[in-house]
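Spelled out, the chains give:
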Amino acid sequence: MIAKTERPDPQATTHDIQSQALSPVDDSGTARPAPSVSRRGFFERLGIASVSAAVGAEIVFADKMPAGLIPVAMAQSAEPMQIPGKEGMTFLNDRPVLAEAPADLLDDAITPAKHLFIRNNGIAPAPEALAPEHWTLEIAGESCVKPMTFTLKELKEKFTHHTVQMVLECAGNGRSEFNPPAHGTQWTTGAVGCPQWTGVRLRDVLQHCGIKPDAVYIGYYGADIHLSGDVKKITISRGAPLRKALEAETLLAFAMNGEDIPWMNGHPLRLVFGGWPASTCGKWLNKIVIRDREHDGEKMTGSAYRMPRYPVAPGSKVPDEDMVIIESMPVKSLITFPKSGLSQPLATPLTVRGHAWAGELEVSEVLVSIDFGASWQKTTLEKPVNRYAWQHWTTQLTLPKKGYYEVWARAVDSQGHAQPMILPGWNPKGYLNNSCHRIAIQAV
Ligand SMILES: Nc1nc2c(c(=O)[nH]1)N[C@H]1C(S)=C(S)[C@@H](COP(=O)(O)O)O[C@H]1N2
Ligand SMILES: [Mo]
């Protein structure tokens, strides 16, 4: 399914906007997708400086402007919703902000900030509230020997910096293809990216504070606001087992691609785990707890970010006790060049390329088919630049005659698991759709 709508609905009434705000999209599957995208929820939360930047000039009587007013310059604009620093994205919702990248915009080896997807469960903190010089990170929890609070500056000064390129993918990426449909964000293929993250190791910081022998899990907290606006409510507080937290690649990241992390992607500090669902990677990070039990924060329990323990028939109800936490993500690939729909002169060989990744495993081969999976040909596959980075593949295709083709790509991981051609097993929340990516080509 394609994005519900890319443009704000000019017909949207206040009532529509209200009901939209009351039916948040949620990739843990607790509510319905919103009917339309408006910019209201978004601008409501922006500080005046950001609104001025968006209208392109200082708002002279800003102090007289009612809170929540959308400047008419914005409201009349036929432009699709914009987030400063993002380009070419498909917006699926504005409250919370959800945006994915069309596959051809993910062609770069290292995903640029402007094309990294956004998956907010709540309302992003206003940029004004994210000043790095005032940011602190608290380390606490019942299994922390010496709870401490670090300023961001202290974190940067005390601990060694590391840079690792790591895939970030929402567990619900691809959800829109499941049938019967699963509640939650109707992602197509673009809730994934692979930027380069710079930060300090979570393990160095945890070990500095002391980890009690009974520690088994860590949990995160961030500064975003619950959709209800209730500041006492936690939007999301997930985490990972201690063994994952102590991995060399697990970072408290303060930079992405050598620059500040974009506002919507968690500036000034976020957690990044390699190969796990992006929901474990807390944004606007201000607290980590070391737990003596599996973390039981918001969206850790029940059926959120969990898969059935066994295969289930489409549409089945699965009891919570049979739902298990998603850990390493499955093998997957994208065709990022050419853009689907390309017309290609028959005489010219067609270069096709993309990326492949496999959670905590490596990808061992990527195959492509132009005959709907009847036959497959190998592509040239690069090694990852480091563990948890995606791998680039490329090949040349010769199309036998004029007409319509689909190019399908299929990756296989180091344990021999291949991507399913159509769909993997249906599951109640619509997670982990790692089916083959397909593009259309016309030979002319
Ligand atoms: N504080 C906070 N962290 C969060 C979230 C959130 O809503 N709030 N969403 C999680 C989910 S479900 C995903 S998929 C990723 C998305 O990261 P991105 O928006 O940078 O792409 O952030 C995760 N970390
Ligand atoms: Mo997610």
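A few points on the structure. (Residues numbered from 1 in each chain as written. Chains lettered and ligands numbered in written order. Predicted model: local features only at pLDDT ≥ 70, side-chain atom pairs only at ≥ 80, totals over all residues. Heavy atoms only, no water.)

The next thing to look at is the overall build of the protein. Helix and strand counts for the protein come out as seven helices and 26 strands. By residue count, 54% of the 444 residues in the protein fall in the buried class. Within the protein, counting contacts between residues at least 6 apart in sequence, those at least 24 apart form 72% of the total. Summed over all atoms, the accessible surface of the protein reaches about 18900 Å², with 54% contributed by carbon and sulfur. (Helix = DSSP H or I, 4+ residues; strand = E, 2+ residues; numbered from the N terminus. Buried < 20%, exposed > 50% of the residue type's maximum accessible area, 1.4 Å probe, protein only. Contact = heavy atoms within 4.5 Å. Areas by Shrake-Rupley, 256 points an atom, 1.4 Å probe, with all protein chains shown as cover.)

Okay, the nonpolar core next. What tends to happen in soluble globular proteins is that the nonpolar side chains get buried as a cluster. Formed by 79 residues in total, the largest nonpolar core has its most connected members in Ile139, Trp197, Ile218, Leu252, Leu269, Leu271 and Ile288. With six residues, the single largest contributor to this core is strand E12 (residues 251-256). Each of two domains, domain 1 (128-325) and domain 2 (332-443), supplies a minimum of three residues to this core. In contact with leucine 269, other than residues within four places in its own chain, are Trp135, Leu137, Leu152, Leu155, Leu252, Ala253, Phe254, Gly282, Lys283, Trp284 and Leu285. Formed by 19 residues, the second largest nonpolar core is a distinct cluster that contains Val352, Val366, Leu399 and Ala411. (Core = buried A, V, L, I, M, F, W, Y, C linked by side-chain atoms within 4.5 Å. Domains from an automatic or database assignment.)

This paragraph deals with the environment of serine 316. Residue placement: serine 316 occurs in the loop between strand E16 (306-308) and strand E17 (323-325). Along the sequence, serine 316 and tryptophan 426 sit 110 residues apart, while their C-alpha atoms lie 9.0 Å from each other.

This next bit is on the site of ligand 1. Around ligand 1, a shell composed of 21 residues is seen, among which Phe117, Asn121, Asp224, Arg270 and Lys283 lie nearest. A distance of 2.6 Å separates an oxygen atom of ligand 1 from a polar atom in the side chain of arginine 270. In this structure, cysteine 281 approaches ligand 1 through a main-chain N or O atom, which is 3.0 Å from a nitrogen atom. Partitioned by chemical class, the residues of the shell around ligand 1 number eleven nonpolar, five polar and five charged. (Near = heavy atom within 4 Å. Polar contact = N/O pair within 3.5 Å; in protein donor to acceptor, adjacent residues only side chain to side chain. Nonpolar A, V, L, I, M, F, W, Y, C, P; charged D, E, K, R; others polar.)

Two orientations exist for strands paired in a sheet by backbone hydrogen bonds: parallel and antiparallel. The strand order E18-E20-E24-E23 describes an open sheet built from four strands, whose pairing is antiparallel. The open sheet terminates on both sides in strands that have one partner only, identified here as strand E18 (332-337) and strand E23 (380-381). With five bridges connecting them, E18 and strand E20 (residues 350-357) associate as antiparallel partners. Paired with isoleucine 335 across the strands is glycine 354, a residue of E20. (Pairing = 2+ DSSP bridges.)

Here the structure, examined in full by the defined rule, presents five aromatic pairs. Consider the rings of phenylalanine 372 and tryptophan 408, whose centres lie 5.9 Å apart with planes at 85°: the pair is edge-to-face. On the criterion of sequence distance, the pair formed by phenylalanine 372 in the loop between strand E21 (363-369) and strand E22 (377-378) and tryptophan 408 in strand E25 (residues 403-413) is long-range, its members being 36 residues apart. A relative accessible area of 6% places tryptophan 408 in the buried class. Against the face of tryptophan 376 rests arginine 410, its NZ or CZ located 5.6 Å from the ring centre. (Phe/Tyr/Trp six-rings, centres within 6.5 Å; stacked < 30°, edge-to-face > 60°. Lys NZ or Arg CZ within 6 Å of the ring centre and 35° of its normal.)

Under the defined criterion, the tally for this structure stands at 15 salt bridges. Where aspartate 107 meets arginine 353, a salt bridge forms, and the shortest distance between an N and an O atom there is 2.7 Å. Taken as a pair, aspartate 107 in the loop between strand E2 (97-100) and strand E3 (118-119) and arginine 353 in strand E20 lie far apart in primary sequence, 246 residues in all. Among the residues examined, aspartate 107 registers a relative accessible area of 21% and is labelled partly exposed. Its relative accessible area of 29% is what places arginine 353 among the partly exposed residues. (Salt bridge = Lys/Arg side-chain N within 4 Å of Asp/Glu carboxyl O.)

Quick look at the pairing of E21 now. Counting buried residues in E21 gives five out of seven residues, a clear majority hidden from the surface. As defined by bridge partners, E21 adjoins E25 across six bridges and the pair is classed as antiparallel. Within E25, the residue paired with valine 366 across the bridge is alanine 411. Pairing of E21 with E22, which is carried by two bridges, proceeds in the antiparallel orientation. Bridging from a neighbouring strand, leucine 367 pairs with lysine 378 of E22.

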